[in-house]
Amino acid sequence: MRKPFIAGNWKMNKDLKGALELTNGLKRNLTDVEDVEIGLFPPALFLPDVVDACTGTRFAVGAQNMHWEEKGAFTGEISAPMILSVGATHVIIGHSERRQHFGETDETVNKKMHSALKAGVLPIMCVGESLEQREAQKTLDIVSTQIRDGLESITSGQMARVVVAYEPIWAIGTGKTATPDQAQQVHATIRSILAEIFGDDVAQGVRIQYGGSVKPDNVKSLMTQPDIDGALVGGASLDVDSFTALVNFKEA
Ligand code: PEP
């Protein structure tokens, strides 16, 4: 049985005060939740404060990106050991905004995956097609390549610690959501590729999140799909009430 994982990617939003207000609001509403894993991904600058504020909760806290090297002359970057050193446990790798605006490729995603897993940081690896690719019926090919190349040489043992997020680019921040059927089709394909590479036991245990304009009014229909195990949420994660409603999706 895969435990649902609802994660908020705050992107480049909030100042320190706003980050703590959001964290404390979620803490008030969600500290007792046991049957859903909750993840907060604030800007890297606020990680230590958000980790501190999450003391006494089960919330996972993680970074939105990292470099594949452990240290060195990489101005502006952070590494997996640095993430761990402030008490954070997770990292988002290969978000489409990193791919679109910062030159991230399947090759750099793969280097980051190896680096995170070696250090003991738990990665959420993002994949997803553009609108043009979907309209050209290339969705499954694109996602398959992203999965195979992003996970190149990852072992089955390591894969048990990986979360995959399917995020169609055309649905991110646009208000357009993939229908539950569209999302389920891609999630099922991802799981079958994982089974091919890592074996069925591992594939059945991997959580695959959906991301792309997930809101309180569509979360339940997505989460009832058999291969959708959670959500990676941008906009709706920035507000205490809407993120609370997402975590409480069973009541929607
Ligand atoms: C995201 O950035 O991962 C995302 C899914 O954003 P939004 O929920 O705003 O579409």
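Our structure is the block above this text.
Values in this document were obtained by computation on a predicted structure and should not be read as measured data.

Here is what the cut-offs are and how they apply
Residues numbered from 1 in each chain as written. Predicted model: local features only at pLDDT ≥ 70, side-chain atom pairs only at ≥ 80, totals over all residues. Heavy atoms only, no water. Helix = DSSP H or I, 4+ residues; strand = E, 2+ residues; numbered from the N terminus. Rg over C-alpha atoms; globule rule 2.2 N^0.38 Å. Contact = heavy atoms within 4.5 Å. Areas by Shrake-Rupley, 256 points an atom, 1.4 Å probe, with all protein chains shown as cover. Lys, Arg positive; Asp, Glu negative; His and termini not counted. Charge placed at Lys NZ, Arg CZ, Asp CG, Glu CD. Buried < 20%, exposed > 50% of the residue type's maximum accessible area, 1.4 Å probe, protein only. Pairing = 2+ DSSP bridges. 1 Å grid on protein atoms, 1.4 Å probe; cavity = no way out; pocket = protein on both sides within 12 Å on 5 of 7 lines; lining within 4 Å. Points joined across faces, edges and corners; volume = space filled by probe spheres on them. Nonpolar A, V, L, I, M, F, W, Y, C, P; charged D, E, K, R; others polar. Polar contact = N/O pair within 3.5 Å; in protein donor to acceptor, adjacent residues only side chain to side chain. Near = heavy atom within 4 Å. Core = buried A, V, L, I, M, F, W, Y, C linked by side-chain atoms within 4.5 Å. Expected span 1.5 Å × (residues − 1).

**Q** Could you give me a rundown of the overall build of the chain, with the residues and numbers involved?
**A** Across its full length, the chain holds 12 helices and 8 strands. Relative to a compact globule of 252 residues, whose C-alpha radius of gyration would be 18 Å, the chain shows 17 Å and is just as compact. Pairs at least 24 residues apart make up 73% of the contacts formed inside the chain by residues separated by at least 6 positions. If you sum the accessible surface of the chain, you get close to 11200 Å²; carbon and sulfur atoms cover 52% of it. Counting 24 positive and 32 negative side-chain charges, the chain places the averaged centre of each group 2 Å from the other.

**Q** Residue-level account of the pairing of strand S7 (residues 207-210), with values.
**A** Neither face of S7 is left uncovered, since the one carrying Arg 207 and Gln 209 and the one carrying Ile 208 and Tyr 210 both have all their residues buried. Bridging between strand S6 (residues 163-166) and S7 involves 4 bridges; their strand directions are parallel. Directly across from Tyr 166, in S7, lies its bridge partner Tyr 210.

**Q** For the layout of surface pockets, give the residues involved together with the corresponding values.
**A** Volume-wise, the largest pocket comes out at about 570 Å³. Lys 11, Met 12, Gln 64, Asn 65 and Arg 98 are, among the 18 residues lining the largest pocket, the residues nearest its centre. In terms of residue count, helix H4 (residues 96-101) provides more of the lining of the largest pocket than any other element does, 3 residues in total. Met 1, Arg 2, Lys 3, Pro 4, Asp 35, Met 223, Gln 225, Pro 226, Ile 228, Asp 229, Phe 249 and Lys 250 are the residues that line the second largest pocket. A class-by-class count of the residues in the lining of the second largest pocket yields 6 nonpolar, 1 polar and 5 charged.

**Q** How would you summarise the side chain of Gln 184 if you had to cite specific residues and measurements?
**A** Position of Gln 184 among the secondary structure elements: in helix H9 (residues 180-198). Classification of Gln 184 as buried rests on a relative accessible area of 13%. Among the polar contacts listed, one links the side chain of Gln 184 to the side chain of Asp 227, at a separation of 2.8 Å.

**Q** Could you give an account of the site of the ligand, with specific residues and numbers?
**A** Neighbouring the ligand are 14 residues, the closest being Lys 11, Glu 167, Gly 173, Ser 213 and Gly 234. Within the side chain of His 95, an N or O atom sits 2.8 Å from an oxygen atom of the ligand. Partitioned by chemical class, the residues of the shell around the ligand number 4 nonpolar, 8 polar and 2 charged.

**Q** I'd like to hear about unusual backbone geometry, residue by residue, with values.
**A** Of note in this structure, Lys 11 is not a glycine but carries a positive phi near 50°. For Lys 11, the location among the structural elements is in the loop between strand S1 (5-9) and helix H1 (16-30). The class of Lys 11 is partly exposed, set by a relative accessible area of 21%. For Ser 213, which is not a glycine, the phi torsion comes out positive at approximately 55°. Secondary-structure assignment places Ser 213 in the loop between S7 and helix H11 (219-223).

**Q** Which residues make up the side chain of His 67, and what values do they have?
**A** Within the element layout of this structure, His 67 appears in the loop between strand S3 (60-63) and helix H3 (80-85). For His 67, a relative accessible area of 9% gives the class buried. From its side chain, His 67 meets the backbone nitrogen of Glu 69 in a polar contact 2.9 Å long. Here His 67 is in contact with Phe 74, Glu 77, Ile 78, Ser 79, Ala 80, Lys 112 and Ser 115, once residues within four sequence places are set aside.

**Q** Any details on the nonpolar core? Residues and values, ideally.
**A** Ile 6, Ile 147, Met 159 and Ile 190 are the most contacted members of the largest nonpolar core, which has 65 residues in total. With 6 residues, H9 is the largest single contributor of residues to this core. For Ile 147, the contacting residues outside a window of four places in its chain are Met 125, Val 127, Val 164, Ile 190, Ile 193 and Leu 194. Core analysis: the next-biggest nonpolar cluster, separate from the first, contains 9 residues, Ala 7, Phe 41, Cys 126 and Ala 165 among them.

**Q** Tell me about H9, and name the residues and values.
**A** In this model, H9 (19 residues) spans 26 Å end to end at C-alpha, consistent with the 27 Å of a helix rising 1.5 Å per residue. Among the residues making up H9, those that are buried are Ala 183, Gln 184, Val 186, His 187, Ile 190, Arg 191, Ile 193, Leu 194 and Phe 198. Of the residues one or two after H9, Gly 199 is the one with positive phi, at around 95°.

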